[in-house]
Amino acid sequence: MNPIELLRIVDSLHREKKIDSEIVFQAVEAALISAARRQYGEEADIHVSIDRESGSLEAMLNGEPLDEEAIGRIGAQTAKQVIIQKIREAERDSLVEEFSGQIDDMVSGIVQRGDGGTTVVSLANVEAILPRSEQIPGESHHPNERVRAVIYEVKPQGSRVKVVLSRTRPSLVRRLFEQEIPEIADGVISVNAMSREPGYRSKVAVSSSDQRVDCVGACVGVRGNRIKNIVDELAGERIDIVRWNEDPEVLIPNALQPADVDQVLLCDMLGRAIVLVREDQLSLAIGRRGQNVRLASKLCGWDIEIMTAEELEEQIDRAVAGFSDLDGVDEELAQRLVEQGYLSYDDLSVIEPDAMMEMGDLTSEQVDHIVTQAEEKAEEAERAAAEERRRQKEQERLEKAAAAEQAAIEAAAPPEEASEQGASPEEASTEEPSTEEPSTEEASTEEASTEEASTEEPSTEEPSTEEPSTEEPSTEEPSTEEPSTEEPSTEEPSTEEPSPDEPSPDEPSPDEPSPEKTD
């Protein structure tokens, strides 16, 4: 083996693959030992060493010098395979070490392909994966598209390294702020806290070390150009910039913006903050599906409960009455518990025994007894709430089924039946023809028919059956009056002089029966 050639190969691997030279020398020595044992047996005592400066090789077999040519062709092939394997393992370990130091750092890569829901991204010297679970909801990536993400996980996988990227972590928003806002990169503005729901909304709390620099205005930029670049990178995700304050009573109202907060009550023992707002600000403070209050709680580190002053008074009265019913709790102790923010049996079941002993001058046995009662009450309340929810779901299911059945019946019914069903019984009732007063329209129709029949002789035939007016209900039976029973018309004759075309008053009307037909 040429010593100079060996040193050149080691140096090349060190520079290109970023593999330590010592690892390469050890790999060559291990390969030569493995090849010699393949030739002389596993029991042979073999030692191989390489001079790190000159590259000269020294091999010993059972205490005697070993010639390099004695290894043979098969041994050389074995040595080659061992060296390749060792170098690959060293390269993998080097990549793992390199990317492990870049966790939560933002990297930029080119999308190579999509494998199901997973996107393969090519980085500088490795292929990383962007799983579907780590992608912003609703976004999609196409080949040759440049994408920015943070390194989420790095681990060895066989002879390769697995790098997992993420676009849903809050650290991506932090890195984008550092890249787009120079004041953050310079340290003038600092990002103190952050909470995020990927694809929907994020809250970022910032503060400035220089009073002349407005931290919120610097992050927004002129006409919002700075924050707009970040929003575009995050697929339109809404970002709220909050002014940081060490005092929770100031920070919590800032975090709940744009809602107006009236008062903040801190319960240190429970880590809870009760926020009082007006009725018209309640939905705005809670947000859509509780998103605003949930992000504010993560940002501030407090369990925030939003309610109106009236709701708080009701909860206090209910809690005092409930705690007073417990054995061993008087009204004064119940008032102290409520003042510390304990408003339910669940809260009381997790109280620290020492704190309760101090508040009520109780023994540990009494405290345990009270806590046991509170746990039982909490379980009963939970079962009752679960039963109520189940009953409401069942009621909603029955109502939906009834509505669907009614819709199906209406859709299947013919239009005539539907109109008949829609008619009221009063309208559909059959009226007696004799008592029915003719309407104005009917009277005018009779007069018009009289004028038309004036030039004709009275018919000697039986009068035809009169059809009911089209304005009457469809269920009314047509008139079947016989001429013999029909009373003469009670209409008064017109006061106008009869025209030559009109019949004489002595002449019978077509609607009246003829005297000859009365027999």
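What you see is a predicted model, and the numbers here were worked out from it, not measured in a lab. (Residues numbered from 1 in each chain as written. Predicted model: local features only at pLDDT ≥ 70, side-chain atom pairs only at ≥ 80, totals over all residues. Heavy atoms only, no water.)

Draft legend 1. The arrangement of the side chain of Arg-167 in detail. For Arg-167, the location among the structural elements is in the loop between β8 (160–166) and α4 (170–180). Of note is the side chain of Arg-167, whose polar atom sits 3.0 Å from the side chain of Glu-139. Side-chain polar atoms of Arg-167 contact the backbone oxygen of Glu-233, separated by 2.8 Å. Apart from the residues lying within four places of it in its own chain, the contact partners of Arg-167 are Leu-130, Glu-134, Ile-136, Glu-139, His-141, Val-147, Arg-148, Ala-149, Leu-172, Arg-196, Glu-233 and Leu-234. (Helix = DSSP H or I, 4+ residues; strand = E, 2+ residues; numbered from the N terminus. Polar contact = N/O pair within 3.5 Å; in protein donor to acceptor, adjacent residues only side chain to side chain. Contact = heavy atoms within 4.5 Å.)

Draft legend 2. How the structure looks around the packing of aromatic side chains. Here the structure, examined in full by the defined rule, presents 1 aromatic pair. Between Phe-323 and Tyr-345 the ring centres are 6.1 Å apart and the planes differ by 65°, which places this aromatic pair in the edge-to-face class. In this pair, Phe-323 is assigned in helix α11 (residues 309–324) and Tyr-345 in helix α13 (residues 345–349), connecting sequence segments 22 residues apart. For Phe-323, a relative accessible area of 2% translates into the label buried. Sitting over the ring of Tyr-152, Arg-169 keeps its end group 4.0 Å from the ring centre. (Phe/Tyr/Trp six-rings, centres within 6.5 Å; stacked < 30°, edge-to-face > 60°. Buried < 20%, exposed > 50% of the residue type's maximum accessible area, 1.4 Å probe, protein only. Lys NZ or Arg CZ within 6 Å of the ring centre and 35° of its normal.)

Draft legend 3. Representation of the nonpolar core in the model. Counting residues in each nonpolar core, the largest one holds 25 residues, and the members touching the most others are Phe-323, Leu-337, Leu-348, Ile-351 and Met-356. For this core, the secondary-structure elements that each account for two or more residues are β13 (272–276), α11, α12 (331–339), α14 (353–360) and α15 (364–412). With sequence-adjacent residues up to four places away left out, Ile-351 is seen in contact with Leu-337, Tyr-342, Met-356, Met-359 and Val-371. (Core = buried A, V, L, I, M, F, W, Y, C linked by side-chain atoms within 4.5 Å.)

Draft legend 4. Structural view of the packing of α12 against α14. Interhelical geometry of α12 versus α14 gives an angle of 130° and a closest axis separation of 10 Å. Taken together, the axes of α12 and α14 are oblique relative to one another. In the packing of α12 onto α14, the handedness of the crossing is right-handed. In this structure, α12 contributes Leu-333, Arg-336 and Leu-337 to the contact, and α14 contributes Met-356, Met-359 and Gly-360. (Axes fitted to C-alpha atoms, helices over the stretch in contact; angles between N-to-C directions. Parallel < 35°, antiparallel > 145°, perpendicular 65-115°, else oblique. Left-handed = near helix turned anticlockwise from the far one by under 90°.)

Draft legend 5. Seen up close, unusual backbone geometry. Of note, the amide linkage connecting Gln-257 to Pro-258 takes the cis form, showing an omega dihedral of 15°. Residue placement: Pro-258 occurs in the loop between α8 (248–255) and β12 (263–267). In this structure, Asn-144 is a non-glycine residue whose phi angle is positive, near 70°. Note on placement: Asn-144 falls in the loop between β6 (127–130) and β7 (146–157). Not every positive phi belongs to a glycine, and Arg-289 is a case in point at roughly 55°. Among the secondary structure elements, Arg-289 is positioned in the loop between α9 (282–286) and α10 (291–300).

Draft legend 6. Looking closely at the packing of α8 against α10. The contact between α8 and α10 brings their axes to 9 Å, and the two run at 145°. Handedness of the crossing formed by α8 with α10: right-handed. Residues Leu-251, Ile-252 and Ala-255 of α8 form the contact with α10, whose own contacting residues are Asn-292, Ala-296, Leu-299 and Cys-300. Split by residue class, the contact of α8 with α10 holds 6 nonpolar, 1 polar and no charged. (Nonpolar A, V, L, I, M, F, W, Y, C, P; charged D, E, K, R; others polar.)

Draft legend 7. Quick look at the pattern of salt bridges. According to the stated counting rule, one finds 28 salt bridges in the structure shown. Notably, a salt bridge pairs Arg-92 with Asp-93, separated by 3.1 Å at the nearest N-O pair. Its salt-bridge partner being Glu-233, residue Arg-167 comes within 3.2 Å of it at the nearest N-O pair. Taken together, the residues span a long stretch of sequence, with Arg-167 in the loop between β8 and α4 and Glu-233 in helix α7 (residues 225–233) at a distance of 66 residues. Each of the salt bridges in this network shares a partner with another, and the network as a whole consists of Glu-139, Arg-148, Arg-167 and Glu-233. (Salt bridge = Lys/Arg side-chain N within 4 Å of Asp/Glu carboxyl O.)

Draft legend 8. Spatial organisation of the environment of Glu-311. By the element assignment, Glu-311 lies in helix α11. Along the backbone, Glu-311 and Leu-276 are 35 residues apart, and their C-alpha atoms lie at a distance of 9.3 Å.

Draft legend 9. Just the pairing of β8, in detail. Within β8, 5 of the 7 residues are buried, which leaves it mostly tucked inside the rest of the structure. The hairpin formed by β7 and β8 contains 2 residues between the paired strands, and Gly-158 there has a positive phi angle of roughly 65°. (Pairing = 2+ DSSP bridges.)

Draft legend 10. Structural view of the sheet that holds strand β10 (residues 201–208). Taken in spatial order, the 3 strands line up as β9-β10-β11 in an open sheet, and their pairing is mixed. Each edge of the open sheet carries a strand with a single partner, namely β9 (189–197) and β11 (238–243). Adjacent strand axes in the sheet meet at a mean angle of 20°, parallel and antiparallel pairs treated alike. One ladder, built from 6 bridges, connects β10 with β11; its direction is parallel. Within β11, the position partnered with Val-204 by the bridge is Ile-241. Its contacts with the sheet place α8 against β10 and β11, and it is angled at close to 155° to β11.

Draft legend 11. Spotlight on the pairing of strand β5 (residues 118–122). Pairing between strand β4 (residues 106–115) and β5: 5 bridges, direction antiparallel. Bridging across to β5, Arg-113 finds its partner in Val-120. Linking β4 back to β5 in an antiparallel pair, the connection comprises 2 residues, with Gly-116 at a positive phi of about 70°. Hairpin connection, β5 to β6: the antiparallel pair is bridged by 4 residues.

Draft legend 12. Geometry of the sheet that holds strand β3 (residues 64–65). Here 3 strands make up an open sheet; going across it, the order is β1-β2-β3 and the pairing antiparallel. Edge positions in the sheet fall to β1 (46–50) and β3, since each of these pairs with one other strand and no more. The strands touched by helix α2 (residues 21–40) are β1 and β2 (57–61); relative to β1, the strand with the most contacts, the crossing angle is about 150°.

Draft legend 13. Expanded view of the confidence of the model for the protein. Taken over all residues, the pLDDT of the protein has a mean of 78, while the share at 70 or more is 77%. Long-range and interchain partners of residues 421–519, a stretch whose pLDDT sits below 50, account for 42 contacts in this model, where long-range means more than four residues apart. (pLDDT = per-residue confidence, 0-100.)

Draft legend 14. Structural view of the side chain of His-141. Looking at the element boundaries, His-141 is found in the loop between β6 and β7. For His-141, a relative accessible area of 16% translates into the label buried. A distance of 3.3 Å separates the side chain of His-141 from the side chain of Glu-139, its partner in a polar contact. When neighbours within four sequence positions are excluded, His-141 is seen to be in contact with Val-111, Thr-119, Leu-130, Gln-135, Val-147 and Arg-167.

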